[in-house]
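# A closer look at the structure
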Amino acid sequence: MKSIQIKMAEHILSVSSRIMPTSQKQWATAMHNEFHHIDGQQDALLFAIGCLFAAWRQKMNVERYEPILRWGIVTCLFGWAALKVYLSSASPEAWQEYSWSGWQLALIGSASIAYLGAGIFLLLKKWPHTLAVLLFALVLNSAHFMMIASTAYIETSIAVPMVFSLAVVSEEYFIWALAMTGSLFLWLIPNLKWIRKGHAV
Amino acid sequence: MARRRNISKQTRLVLLMLAEAPQTWRYGYEITKMLNIKSGALYPILIRLSEQDYLESEWRDSEKPGLPPRHVYRLSAAGTALARHQANDASLDPLVLPIGAAV
């Protein structure tokens, strides 16, 4: 019959195994198997507690940037989309004054929805979905850019809306590049051994 | 080969101990006992050394029937060179292996 200490140690090791980053699961198995070869109950319990700390350190080491980066990108995406929605709803006269066409508003609105969708997929850690939606946002933004860069638009527009449109499109590209780079990084980093190699010995 | 200066004292101890008998495979628990360090400190060191190709590891069947296989470790050629560099680096504080750690 197993003692309370051994039962506690086994429970701690199973928690350690769950905490350990996916890319390092074999080390959790190594620690768990090693535990079975320890004779003293006190030693076994102390070893298991150490393994819990080791797993936690590895989790922090591998994944410490992940939540900060993910929430940072989500905040940018949601913030930018919310700002555009606020501007379009709170001061429609301003948009009218800038004589934005219906097409422009449709493109800006669609891009906002795309950014919101990308943010939601990012929160759910659905990396391929996030990238697909971001690519769709890029298409919308590029269409917007081509529209304001077209000869017809320049001829009918005045300076202020033109500059404002360019500012919006530039900001869209900036947010898009930020979100795309960050999402790719978050998606690929757990599988890139060379990045982890950069850590100090 | 990377020669890193920012190596912790415990990592240097592990390197020097393993370098004492570079061909000998060691168990994790065995290393904790020989160096008198906790498993919570040892395994992150082993993981980092392994990821940087300074450490070789493999699974060995247990000598005791009914027990799971154990992970064993020894320094790679790069790890041995790093340990030698650490041992000879005059700018670093000299380390003394605990009694029984040297083979």
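## Focus on the packing of helix α2 (residues 28–35) of chain B against helix α3 (residues 39–51) of chain B
Residue and element names in this part refer to chain B. Packing of α2 against α3 brings their axes to within 10 Å, and their N-to-C directions diverge by 120 degrees. Relative to α3, α2 is oriented oblique. Between α2 and α3 the crossing geometry is right-handed. Each of Gly28, Tyr29, Ile31 and Thr32 in α2 lies in contact with α3, whose residues at this interface are Ser39, Leu42, Tyr43 and Leu46.

## As for the nonpolar core
Counting residues in hydrophobic clusters, the biggest one holds 42 residues, and the most contacted among them are B:Val14, B:Ile31, B:Tyr43, B:Leu46 and B:Tyr73. For this core, the elements supplying multiple residues, two or more each, are α1 (4–19), α2 (25–35) and α3 (41–63) of chain A together with α1 (9–20), α2, α3, β3 (70–75) and α4 (77–88) of chain B. Looking at this core element by element, the count peaks at seven residues for α3(A). Setting aside anything within four residues of it in sequence, one finds B:Ile31 in contact with B:Met17, B:Leu18, B:Arg26, B:Asn36, B:Leu42, B:Leu46 and B:Tyr73. Among the nonpolar cores identified, the runner-up in size contains 21 residues, and A:Leu122, A:Leu134, A:Ile175 and A:Ala179 belong to it.

## As for the packing of aromatic side chains
All chains considered together, the criterion is met by four aromatic pairs over all chains. Ring plane angle 5 degrees and centroid distance 5.6 Å describe the contact between A:Trp27 and B:Tyr73, whose orientation is recorded as stacked. Here A:Trp27, found in helix α2, pairs with B:Tyr73, found in strand β3, and the two come from separate chains. Summarising the burial analysis for this pair, A:Trp27 and B:Tyr73 share the class buried. With a centroid separation of 6.0 Å and an interplanar angle of 80 degrees, the aromatic rings of A:Phe47 and B:Tyr29 are classed as edge-to-face. Pair noted here: A:Phe47 is in helix α3 and B:Tyr29 is in helix α2, and the two residues belong to different chains. Assigned by exposure class, A:Phe47 and B:Tyr29 land together as buried. Put simply, the rings of A:Phe47, B:Tyr29 and B:Tyr43 touch in pairs and so form one group of aromatic residues. Positioned above the aromatic ring of B:Tyr27, the side-chain terminus of B:Arg70 is 3.6 Å from the ring centre.

The rules behind these values
Residues numbered from 1 in each chain as written. Chains lettered and ligands numbered in written order. Predicted model: local features only at pLDDT ≥ 70, side-chain atom pairs only at ≥ 80, totals over all residues. Heavy atoms only, no water. Axes fitted to C-alpha atoms, helices over the stretch in contact; angles between N-to-C directions. Helix = DSSP H or I, 4+ residues; strand = E, 2+ residues; numbered from the N terminus. Parallel < 35°, antiparallel > 145°, perpendicular 65-115°, else oblique. Left-handed = near helix turned anticlockwise from the far one by under 90°. Contact = heavy atoms within 4.5 Å. Core = buried A, V, L, I, M, F, W, Y, C linked by side-chain atoms within 4.5 Å. Buried < 20%, exposed > 50% of the residue type's maximum accessible area, 1.4 Å probe, protein only. Phe/Tyr/Trp six-rings, centres within 6.5 Å; stacked < 30°, edge-to-face > 60°. Lys NZ or Arg CZ within 6 Å of the ring centre and 35° of its normal.

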